[in-house]
Structures are given as C-alpha cells and as structure tokens.
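Overview (structure and organization)
The primary structure of each chain is shown beneath.
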Amino acid sequence: MKIAVIGKGGSGKTTVAGVLARCLARAGREVVALDCDANPNLGISLGVGLDMTEQLAGIRQSLEDGGVEHAPTPEELLSRFGAPAPDGVRLAVVTKIDQPNPG
Ligand SMILES: Nc1ncnc2c1ncn2[C@@H]1O[C@H](COP(=O)(O)OP(=O)(O)OP(=O)(O)O)[C@@H](O)[C@H]1O
Ligand SMILES: [Mg+2]
C-alpha cells in the first residue's frame, strides 16, 4: 500500500504523514516514510529529533554529487539512506534544497 499526503502549504501534511506512519507501524505494518518536501521535516513529526532530521542526506543530491551509486533494489536504497524512527518506521529523504527560503 502506498499513501501520499498532499495539500496546500501549512494544511497539516507533515503532521498527518507522521501520525499515519507511526499508527500503521504500531499496527504491525512495515512502514517506509519518504519525505518528498524540498525542505524536509518529516523526521521531526516522526520523532527522530531535529539534529537527526537535519543530518539526513537527500537521496537525489547524494546521487547527483556522485558519492554513491544507484542502488539495485529498494531494500539496498533504504539500507543506504533509511534512518530508524520510533515504532519501527524507516525514514528516507528524497530531495533537499540547501538554503530554503520562505516561498
Ligand atoms: N489536525 C490539526 N489540528 C490543529 N493543528 C494542526 C493539525 N495538523 C497540523 N496542525 C498544525 O498546523 C501547523 C502546520 O502543520 P504541518 O507542518 O503538518 O503542515 P504542512 O502541510 O506539512 O506544512 P508545510 O506546507 O509548511 O510543509 C503545525 O503547527 C501543526 O502543529
Ligand atoms: Mg510539511
């Protein structure tokens, strides 16, 4: 099952995504939470903390920088970029801009 949470700015996407991910994980589902926001902060909502959230590398930037190869499988991708979050959720950041400004 794939669930995408979308909506206008400030409408509660990150909060809903974090709650959904943790509730599904607690119910026994294997959950991978992908933060697709260019200014990613799903980690904070998931409970991994501000420091860890800020340290997570964006998959797209890492590939573009050439530091890592394309992973052959989703599992390998997650082993390289996935971070453990509470309730067994695994979090990965899809993309990240360096200096997000309002708007
Ligand atoms: N159901 C809710 N009831 C009241 N406040 C909420 C609810 N969901 C989210 N909020 C609050 O609304 C604000 C925006 O929520 P959130 O960051 O999840 O939105 P967002 O859509 O991800 O925003 P952005 O577009 O900036 O990424 C936060 O302060 C959050 O605590
Ligand atoms: Mg958000």
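The preceding data block contains the structure.
Figured I'd write up the structure that's included with this text. (Residues numbered from 1 in each chain as written. Chains lettered and ligands numbered in written order. Predicted model: local features only at pLDDT ≥ 70, side-chain atom pairs only at ≥ 80, totals over all residues. Heavy atoms only, no water.)

1. With respect to the overall build of the chain
We apply this condition: A run of H or I in DSSP becomes a helix once it reaches four residues, and a run of E becomes a strand once it reaches two; helices and strands are each numbered from the N terminus. C-alpha atoms define the radius of gyration, and 2.2 Å times the number of residues to the power 0.38 defines the globule rule. Any residue under 20% of the maximum accessible area for its type is buried, any over 50% is exposed, and the rest in between are partly exposed; the area is computed with a 1.4 Å probe on protein chains only. Each accessible area is a Shrake-Rupley estimate made with a 1.4 Å probe; only the visible protein chains count as cover when residues are assessed.
Of the regular secondary structure elements, the chain holds five helices and three strands. Reading the chain from its N end, one meets helices and strands in the order α-β-α-α-α-α-β-β. For 103 residues, the compact-globule formula gives about 13 Å, and the C-alpha radius of gyration of the chain, at 14 Å, lands near that figure. Expressed as lengths along the three principal axes of its C-alpha atoms, the size of the chain is roughly 35 × 35 × 25 Å. Across the 103 residues in the chain, those meeting the buried criterion constitute 26%. When the accessible surface of the chain is totalled, it reaches about 6,900 Å², and 54% of it is carbon and sulfur.

2. Points about unusual backbone geometry
For Asp-87, which is not a glycine, the phi torsion comes out positive at approximately 70°. Topologically, Asp-87 is positioned in the loop between strand S2 (83-84) and strand S3 (90-93).

3. Quick word on the site of ligand 1
Quick reminder of the rule: Consider each residue's heavy atoms; a residue with any of them within 4 Å of a molecule or strand counts as near. Polar contact is defined as a pair of N or O atoms within 3.5 Å, subject to the rule that within protein one atom must be able to donate a hydrogen and the other to accept it, and that residues adjacent in sequence are counted only when both atoms are side-chain atoms.
Close contacts around ligand 1 come from Lys-8, Gly-9, Gly-10, Ser-11, Gly-12, Lys-13, Thr-14, Thr-15 and Asp-37, and that covers them all. Interatomic distance of 2.7 Å between a side-chain N/O atom of Thr-14 and an oxygen atom of ligand 1. Asp-37 is positioned with one of its side-chain polar atoms (N or O) 3.4 Å from an oxygen atom of ligand 1. Protein chains bury 42% of the 630 Å² of accessible surface belonging to ligand 1 in isolation.

4. Some points on the pattern of salt bridges
Quick note on the threshold: Here a salt bridge means any side-chain nitrogen of Lys or Arg lying within 4 Å of a carboxyl oxygen belonging to Asp or Glu.
As enumerated under the stated definition, the model contains six salt bridges in all. Between Asp-87 and Arg-22 there is a salt bridge, and its shortest N-O distance comes to 2.7 Å. On the criterion of sequence distance, the pair formed by Asp-87 in the loop between S2 and S3 and Arg-22 in helix H1 (residues 13-26) is long-range, its members being 65 residues apart. For Arg-22, a relative accessible area of 21% puts it in the partly exposed group. Salt-bridge contacts for Arg-90 lead to Glu-30; the nearest nitrogen and oxygen are separated by 2.9 Å. With Arg-90 in strand S3 and Glu-30 in the loop between H1 and strand S1 (32-35), this pair connects stretches of sequence that are 60 residues apart. Residue Arg-90 is classed as partly exposed on the basis of its relative accessible area of 21%. On the accessibility criterion, Glu-30 (66% relative accessible area) is exposed.

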